[in-house]
Structures are given as structure tokens and as C-alpha cells.
Amino acid sequence: MGYQPRIKSPKRPTHEYRKIFGEKRKRRKRVDRRLERTSTEEKHIATEQEISELTLKRLHTLGNQRFGSSPFNEHFDRWLSTVTAVLSEFESHPVISLDDQFVMERSETLATIKQKLEDIRRKEASIDQEVRNLSNVRNQLKQINADYSTSMQTIKRRKNSEIKRLNKDIKHLEKEQEVIIQLKTGFFRGISKKEKEQKEIEIAQQLNNKQRELEMIMLNFNAEQRQHREDNENRREPVAEQIKILQKKRRESENDGSLEERWFACEALSDAVNTFLQRKAGPSHNSLKTNQSGI
């Protein structure tokens, strides 16, 4: 038997190979999509217990959620939307069949917390506006203190000027008095004894008047300064008190006043979920107790 040469099959053109590979890729994609649909269809559907526990857990988390910084009212709408979404997911679950009582309790609780948050929002806005005026009130107090300091310096300058003038007059009279005394001792001639005595009496009277005037000026200026301090305190006290109030409000605004209300709301919603589940499970529990008692 002779050697038979091997017959080679003709090579396919490159574009035919590309076509074959493309068809295989398409078939693979179709298979993958079918498997994906099958997997989705076979996806686990949460039981009533699982969806209930998840809902209660989310409500607990939302009830204890703390907002980062003020103004806290900027977070209210987002928080309400999240609470509503959690309840909607619970209510729309296939295994959950709501009753009228749960719908009523849920609606009342949501309406209440919305109103509470709206009240807090208005309060925060009012406080925020007042706190913005804190710098203005502080400037007002600074101006009062500056006015007081300026006016007290003016009074002090007037007082010193008057005292200086009177002291100068008193020294001048004391010198004249000294001259008269010297005249009386006989160092100077040319005037009679009677004139000397009369002149001495006049100077003594003038000196006494100047000293009394000095005393009165001291008393008057002291009274003026005291009255000025009282007037300044009457102006300063209400402004300083307003600053204390605004500072207290600013400290309060740094605390989230909605935390307690939001916690109560989530607790009320959790109670509504629990009591709903108890009502739903009630008949089966009752029938079970009846059967057990019959046995």
C-alpha cells in the first residue's frame, strides 16, 4: 500500500474566524443574562421577622442620630425623608399587610414630629438672628464705656482747672495777709493802725471765702462724678444684661434641641410597629392557646 499524501483543509479567511468568535461571544452573553435573571428571581425575600427587625433597628439608629453642627434645622428635612423611606420600605414589603390602626398611629406620629421640628426651626432662626446682633450690642457697650471715660476726663480737667485757679487765688491772698501782718509789726509805715486792721479783716474774709469756694467746688465735682457714674451704670446695665442673654442663647444654639423630640418620635414609631406585629400575630396565638387548653 503506497503512501497517501495528507490532504490539508483549506484555511478559512480571517473575517470568517472573527465572525465565529463574535457569534460565540453573543451566545455566552445570552447565557449569562439568563443565569442573571434566574439568580434574581431566586433572590431571597426577607421574612416578616427580618424586615421588622431591620425596620426597628433603623428607627433606633435614627432616634439616636446626632447632627454635626448648627444650624441643626438644615438636617431636619433629610432626617424626615429617611424616616419616611424606612417606613415605606416596611409597609410596601410583600409579607406586611397593614391595618388601619397602624396607619393612624404612624400618620399621627409623623405629623407631630414634623410640627415639632418646624417649631424648633423657627426658634433656631429667631435665636440665630439675635445672636447675629451680639457684635452690635457689644459695640454699643464699648461706646457707652468710651463716652463715660471721655466725659469723666472732661469733668476731671474742669475740676483740676478750678482747683488750680482757687489755689492760686488763695496763695495770693495769703501773701497779702502776710504783708499786712508785717505792716502791723511796724516794718512798714504810711498807713494807720485802723487801716491795717481793716485791710487784714478784708483779706481774711476773702481768704475764707476762697477756701469755702474750694470746698464747695470739691463737693460739687464729687457729686457730679458720682451722678455721672450712676447715669453711666443705668445706661450700661441693660446692655450688659442683653449681652449675657445673647451669649446664653448662643451657647444653647450650639446644642441640638431636636434630639429629644426625634428620639420620642422614633420610639413611638417603633411601638407602633411592635403593637402592629402583636395584633397581627394575635389570632394564631389565641387559637394555639385554645387548642392547648382543649388537650
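Coordinates for the structure precede this section.
A quick note: this is a predicted structure, and the numbers were derived from the prediction, not measured.

**Brief notes about the overall build of the protein chain**
Next, step 1: Along the backbone of the protein chain there are seven helices and zero strands.
Next, step 2: Secondary structure elements of the protein chain occur, N-terminal to C-terminal, as α-α-α-α-α-α-α.
Next, step 3: Across the 295 residues in the protein chain, those meeting the buried criterion constitute 23%.
Next, step 4: Across the protein chain, every contact between residues at least 6 apart in sequence was considered, and the portion connecting residues at least 24 apart equals 84%.

**Re the nonpolar core**
Next, step 1: Counting residues in hydrophobic clusters, the biggest one holds 25 residues, and the most contacted among them are Trp79, Val83 and Phe90.
Next, step 2: Secondary-structure elements contributing two or more residues to this core are α2 (48-63), α3 (76-91), α4 (100-132) and α7 (259-294).
Next, step 3: Apart from the residues lying within four places of it in its own chain, the contact partners of Trp79 are Leu62, Gln65, Phe67, Ile113, Leu117, Arg262 and Cys266.
Next, step 4: Listed in part, the nine residues of the second largest apolar core include Ile155, Ile170, Leu214 and Phe221.

**Considering the side chain of Asn232**
Next, step 1: Relative to the helices and strands, Asn232 is located in helix α6 (residues 193-253).
Next, step 2: Overall, Asn232 belongs to the buried group, its relative accessible area being 10%.
Next, step 3: Look past the residues within four positions of Asn232 in its chain and what remains in contact with it is Ile144 and Tyr148.

**Notes on the packing of α3 against α4**
Next, step 1: At their nearest, the axes of α3 and α4 sit 11 Å apart, and the two run at 175 degrees to each other. It follows from the interaxial angle that α3 and α4 lie roughly antiparallel. Together, Phe76, Asp77, Trp79, Leu80, Val83, Leu87, Phe90 and Glu91 of α3 and Phe102, Arg106, Leu110, Ile113, Lys114, Leu117, Ile120, Arg121 and Glu124 of α4 make up the contact between the two elements.
Next, step 2: Of the residues in the contact of α3 with α4, the class split is 11 nonpolar, no polar and six charged.

**Things to note about α4**
Think of an α-helix as turning once every 3.6 residues; residues three or four places apart then point the same way.
Next, step 1: With 33 residues, α4 should cover 48 Å at 1.5 Å per step; its first-to-last C-alpha distance of 48 Å lies within 8% of that length.
Next, step 2: Among all positions of α4, only Phe102, Arg106, Thr109, Leu110, Ile113, Leu117, Ile120, Glu124, Ile127 and Val131 are buried.

**Considerations on a positive patch on the surface**
Next, step 1: Where like charges cluster on the molecular surface, the positive patch consists of Arg138, Lys142, Lys248, Arg250 and Arg251.
Next, step 2: The greatest single-element share of the positive patch, amounting to three residues, is contributed by α6.
Next, step 3: For Lys142, the location among the structural elements is in helix α5 (residues 134-184).

Reading the values: the criteria
- Residues numbered from 1 in each chain as written.
- Predicted model: local features only at pLDDT ≥ 70, side-chain atom pairs only at ≥ 80, totals over all residues.
- Heavy atoms only, no water.
- Helix = DSSP H or I, 4+ residues; strand = E, 2+ residues; numbered from the N terminus.
- Buried < 20%, exposed > 50% of the residue type's maximum accessible area, 1.4 Å probe, protein only.
- Contact = heavy atoms within 4.5 Å.
- Core = buried A, V, L, I, M, F, W, Y, C linked by side-chain atoms within 4.5 Å.
- Axes fitted to C-alpha atoms, helices over the stretch in contact; angles between N-to-C directions.
- Parallel < 35°, antiparallel > 145°, perpendicular 65-115°, else oblique.
- Nonpolar A, V, L, I, M, F, W, Y, C, P; charged D, E, K, R; others polar.
- Expected span 1.5 Å × (residues − 1).
- Patch = residues over 30% accessible without salt bridge, like charges linked within 9 Å, V, L, I, M, F, W, Y side chains within 5 Å.
- Areas by Shrake-Rupley, 256 points an atom, 1.4 Å probe, with all protein chains shown as cover.
- Salt bridge = Lys/Arg side-chain N within 4 Å of Asp/Glu carboxyl O.
- Lys, Arg positive; Asp, Glu negative; His and termini not counted.
- Charge placed at Lys NZ, Arg CZ, Asp CG, Glu CD.

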